[in-house]
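# Coordinates in review
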Amino acid sequence: MKKLLLLTLTLFTLTASAQLKKFEGAWTHEETLYVTAFFYSKGKIQKINYIGPDKLTSKIVNYGRSFITTTIHNERNGHKVVAKYEINKNKTLKVTFIGDYKGVLNYKRYNE
């Protein structure tokens, strides 16, 4: 019974890690000036960078098998949002923003 539980936990961890690895890479949307880059290592998203005209700072506040939630702050204008990232079945990245900007955008991989 103990081995079965350990095997189940191991499979769950591997599945969750595989789901998060799908976020890895650069993503963009035609309505934004930023490219969002996810860096995956050691079974989780380690860092998210935003490449664009203003400096954006972010913090990963939550993640699960199929989503990542961050806070984002634009230091120039003071705008703050919470962004929830989810991989869609069509391999786009659904981003739901709440805060100084409210909306949903479907990002595509950068340069695809």
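All of these numbers come straight from a predicted model, not from anything done at the bench.

## So, the pairing of strand β3 (residues 44-51)
Judged from the seven bridges that link them, strand β2 (residues 35-41) and β3 form a sheet pairing that is antiparallel. Looking across to β3, one finds that S41 is bridged to K44. Remark: two residues form the turn of the hairpin made by β2 and β3, two consecutive strands paired antiparallel; K42 in that turn has positive phi of roughly 55°.

## Here we look at unusual backbone geometry
Residue K42 is not a glycine yet carries a positive backbone phi of 55°. Position of K42 among the secondary structure elements: in the loop between β2 and β3.

## Observations concerning the environment of G25
Summarising the element assignment, G25 is placed in strand β1 (residues 25-28). When its relative accessible area of 24% is taken as the criterion, G25 is described as partly exposed. Separated by 85 residues in the primary sequence, G25 and Y110 have C-alpha atoms spaced 8.1 Å apart.

## A short note on the side chain of T69
If you trace the backbone, T69 turns up in strand β5 (residues 67-74). Classification of T69 by relative accessible area gives buried; the value is 13%. With sequence-adjacent residues up to four places away left out, T69 is seen in contact with K59, I60, V61, N62, V82, A83 and K84.

## Remarks on the sheet that holds β5
Pairing in this open sheet of eight strands is antiparallel, and the strands run β3-β2-β1-β8-β7-β6-β5-β4 from one edge to the other. On the outer flanks of this sheet lie β3 and β4 (56-63), each paired with one strand and no other. When the angles between neighbouring strand axes are averaged without regard to direction, this sheet yields 30°. In this structure, β1 lies alongside strand β8 (residues 103-109), joined through two bridges in antiparallel fashion. Its bridge partner being in β8, T28 is matched across the sheet by K108.

## Overview of the nonpolar core
Counting residues in hydrophobic clusters, the biggest one holds 20 residues, and the most contacted among them are F23, F38, I68, I72, Y85, L93 and F97. Elements with a minimum of two residues in this core: β2, β3, β5, β6 (80-87), β7 (93-99) and β8. Residues in contact with I68, not counting those within four places in the same chain, are L20, F23, F38, I45, I48, I60, N62, Y63, A83, K84 and Y85.

## Some thoughts on the environment of F39
The topology assignment puts F39 in strand β2. Here F39 falls in the partly exposed class, since its relative accessible area comes to 39%. Apart from the residues lying within four places of it in its own chain, the contact partners of F39 are K44, I45, Q46, K47 and N49.

Thresholds applied
- Residues numbered from 1 in each chain as written.
- Predicted model: local features only at pLDDT ≥ 70, side-chain atom pairs only at ≥ 80, totals over all residues.
- Heavy atoms only, no water.
- Pairing = 2+ DSSP bridges.
- Helix = DSSP H or I, 4+ residues; strand = E, 2+ residues; numbered from the N terminus.
- Buried < 20%, exposed > 50% of the residue type's maximum accessible area, 1.4 Å probe, protein only.
- Contact = heavy atoms within 4.5 Å.
- Axes fitted to C-alpha atoms, helices over the stretch in contact; angles between N-to-C directions.
- Core = buried A, V, L, I, M, F, W, Y, C linked by side-chain atoms within 4.5 Å.

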